[in-house]
Amino acid sequence: EPEVTQTPSHQVTQMGQEVILRCVPISNHLYFYWYRQILGQKVEFLVSFYNNEISEKSEIFDDQFSVERPDGSNFTLKIRSTKLEDSAMYFCASSVLGANTGELFFGEGSRLTVL
Amino acid sequence: GDSVTQMEGPVTLSEEAFLTINCTYTATGYPSLFWYVQYPGEGLQLLLKATKADDKGSNKGFEATYRKETTSFHLEKGSVQVSDSAVYFCALIDTNFGNEKLTFGTGTRLTIIP
C-alpha cells in the first residue's frame with residue numbers, strides 16, 4: 001500500500017542551526033502539507049502546498065520556515081535558524097483532492113529536538 | 001478561530017469494554033468533522049468523517065455522529081479489542097472554498113488490556 005515516508009525519524013540539533021526535514025508523498029497526490037505537534041499539545045497546521053506554491057500557511061510559518069518540492073517526488077521543510085521552541089514532532093501529509101475531503105495521508109513523523 | 005477539544009487521556013480499558021472518546025468543537029463556519037487514528041509506529045490515518053449535521057461516520061466498528069446542537073462529535077465503539085490501542089485525534093475543517101487547514105485536538109491515547 002502506498003505510504004508517505006519521512007526522514008529523518010529523529011534529529012537533534014543545536015539552536016541556530018538549519019534543519020531540513022524530508023518527505024516523499026504518495027506519487028499521484030497533488031496536495032502536500034506540514035503539521036507539527038509540540039509534546040502534550042495539539043497537532044498544528046503549518047503550511048499547505050499545491051501546484052508548486054504555498055496555498056495556505058499559519059502564523060507559525062514565519063520567515064524562518066520554507067518548503068520546497070525540488071524534484072517532483074520530495075517535499076521538504078526547512079527551518080533556517082532553529083529555536084528551542086521548534087522542538088516538536090513534524091508530520092508531512094499528502095492528499096489527492098485536498099483537505100476538504102479529510103483524506104490526508106500522514107507520514108510517521110520526524111522528531112526534532114533543539115538543544 | 002476554530003478549535004477542537006478532546007477528552008484528556010490516557011484511557012485504559014479492558015477488552016470488549018464500551019468506548020467513548022469525547023470531542024467538542026468551535027467553528028465560525030460550517031465544518032466537516034473527522035476522527036484520525038495513529039497506530040504505534042505509523043502515521044495518522046483517517047478513521048471516519050461526517051460532513052453535515054446528524055451525519056454518522058462509521059468504520060471498523062467505530063461510530064461518531066455530527067451533533068450541531070451540542071457541537072460534538074464523540075467517538076464510540078461497542079466492544080474494543082487490543083488492536084484498537086492507538087492515539088485518536090478529532091479534527092475539523094472549515095469548508096470555505098480553498099481552505100486547506102485541518103484543526104486537530106491534542107489526541108487521546110487509548111490502551112486496551114486483554
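Quick summary incoming for the structure in this document.

Conventions we followed
Residues numbered from 1 in each chain as written. Chains lettered and ligands numbered in written order. Predicted model: local features only at pLDDT ≥ 70, side-chain atom pairs only at ≥ 80, totals over all residues. Heavy atoms only, no water. Helix = DSSP H or I, 4+ residues; strand = E, 2+ residues; numbered from the N terminus. Buried < 20%, exposed > 50% of the residue type's maximum accessible area, 1.4 Å probe, protein only. Areas by Shrake-Rupley, 256 points an atom, 1.4 Å probe, with all protein chains shown as cover. Lys, Arg positive; Asp, Glu negative; His and termini not counted. Charge placed at Lys NZ, Arg CZ, Asp CG, Glu CD. Pairing = 2+ DSSP bridges. Salt bridge = Lys/Arg side-chain N within 4 Å of Asp/Glu carboxyl O. Axes fitted to C-alpha atoms, helices over the stretch in contact; angles between N-to-C directions. Contact = heavy atoms within 4.5 Å. Buried area = accessible area lost by both parts, 1.4 Å probe. Polar contact = N/O pair within 3.5 Å; in protein donor to acceptor, adjacent residues only side chain to side chain. Core = buried A, V, L, I, M, F, W, Y, C linked by side-chain atoms within 4.5 Å. Phe/Tyr/Trp six-rings, centres within 6.5 Å; stacked < 30°, edge-to-face > 60°. Lys NZ or Arg CZ within 6 Å of the ring centre and 35° of its normal. Disulfide = S-S within 2.5 Å.

1. Structural notes on the overall build of chain B
From N to C terminus, chain B includes zero helices and twelve strands. Mapped in sequence order, the helices and strands of chain B form the string β-β-β-β-β-β-β-β-β-β-β-β. Here the C-alpha coordinates of chain B stretch approximately 45 × 30 × 20 Å along the principal axes. For chain B, the residues scored as buried account for 46% of the 114 residues in total. Counting only carbon and sulfur atoms, one obtains 49% of the accessible surface of chain B, whose full area is about 5,200 Å². Taking the average place of the 9 positive charges on the side chains of chain B and the average place of its 13 negative ones, the gap between the two points comes to 3 Å.

2. A look at the pairing of strand β4 (residues 23-26) of chain B
All names here are of chain B. Of the two faces of β4, the one holding Cys23 and Tyr25 is buried and the one holding Thr24 and Thr26 is not buried anywhere. Of the strand pairs in this sheet, strand β1 (residues 3-6) and β4 are connected by four bridges, and their pairing is antiparallel. Within the sheet, the bridge partner assigned to Val4 lies in β4 and is Tyr25.

3. Some points on the pattern of salt bridges
Applying the stated criterion across every chain yields a total of five salt bridges over all chains. One salt bridge in this structure joins Arg36(A) and Asp86(A), with 3.8 Å as the shortest N-O distance. Here Arg36(A) is found in strand β4 (residues 31-37), whereas its partner Asp86(A) is found in the loop between β8 (75-79) and β9 (88-95), with 50 residues between them in sequence. By the burial criterion, Arg36(A) is buried, and Asp86(A) matches it. The partner of Lys77(B) in a salt bridge is Asp84(B), and the shortest N-O contact between them spans 2.8 Å. Each member of the pair, Lys77(B) as well as Asp84(B), is classed as buried.

4. A closer look at the sheet that holds strand β7 (residues 56-59) of chain B
Residue and element names in this part refer to chain B. Strands sit in the order β3-β9-β8-β7 across an open sheet of four strands; the sheet is antiparallel. For this open sheet the edge positions go to β3 (19-21) and β7, each flanked by a neighbour on one side alone. Direction aside, neighbouring strands of the sheet carry axes that sit 20° apart on average.

5. Let's talk about the environment of Ile113(B)
Its location among the elements puts Ile113(B) in strand β12 (residues 108-113). What Ile113(B) contacts, discounting residues up to four positions off in sequence, is Thr12(B), Leu13(B), Ser14(B), Glu15(B) and Val82(B).

6. Examining the environment of Leu110(B)
Residues and elements named next belong to chain B. Mapped onto the elements of the fold, Leu110 is located in strand β12. With 28 residues separating them along the chain, Leu110 and Val82 place their C-alpha atoms 9.8 Å apart. Filtering out sequence-adjacent residues up to four positions away, Leu110 remains in contact with Val11, Leu13, Leu19, Asp84, Ser85, Ala86 and Tyr88.

7. A closer look at the interface of chain B and chain A
Across the contact, 24 residues belong to chain B and 23 residues belong to chain A. Roughly 1,900 Å² of surface becomes buried between chain B and chain A when both sides are summed, with 50% attributable to carbon and sulfur atoms. Considering only the surface of chain B that becomes buried against chain A, Leu44(B), Glu100(B) and Phe104(B) emerge as the three largest contributors, covering 32% of it. Joining chain B to chain A, the criterion identifies zero salt bridges. Counting across the interface, chain B meets chain A through nine residue pairs in polar contact (both at pLDDT 80 or more).

8. Re the nonpolar core
Grouped together as the largest cluster of nonpolar side chains are 26 residues, with contacts concentrated most on Trp35(B), Leu47(B), Leu48(B), Phe73(B), Leu75(B) and Tyr88(B). Among the elements of the structure, β2 (11-14), β3, β4, β5 (31-38), β6 (45-50), β8 (62-65), β10 (86-94) and β12 of chain B are those that each provide at least two residues to this core. Discounting residues that sit within four places of it in the chain, Phe73(B) has contacts with Cys23(B), Leu33(B), Phe34(B), Trp35(B), Leu48(B), Lys49(B), Ala50(B), Ala64(B), Thr65(B), Tyr66(B) and Cys90(B). Core analysis: the next-biggest nonpolar cluster, separate from the first, contains 22 residues, Leu21(A), Val67(A), Leu77(A) and Val114(A) among them.

9. Focus on the packing of aromatic side chains
Considering all chains together, one arrives at 16 aromatic pairs over all chains under this definition. Aromatic ring contacts, followed pair by pair, group Tyr35(A), Phe45(A), Phe91(A), Phe106(A), Tyr36(B), Phe89(B) and Phe104(B) into a single cluster. Cation over ring: Lys68(B) sits above Tyr30(B), and NZ or CZ is 5.5 Å from the ring centre.

10. Re the state of the cysteines
All names here are of chain B. Applying the stated criterion across every chain yields a total of two disulfides over all chains. Between the sulfur atoms of Cys23 and its disulfide partner Cys90 the distance amounts to 1.9 Å. Because the sign of the S-S torsion sets the handedness, a value of about -70° for the bond joining Cys23 and Cys90 places this disulfide among the left-handed ones. Of this pair, Cys23 sits in strand β4 while Cys90 sits in strand β10, and the two are 67 residues apart along the sequence. By the burial criterion, Cys23 is buried, and Cys90 matches it.

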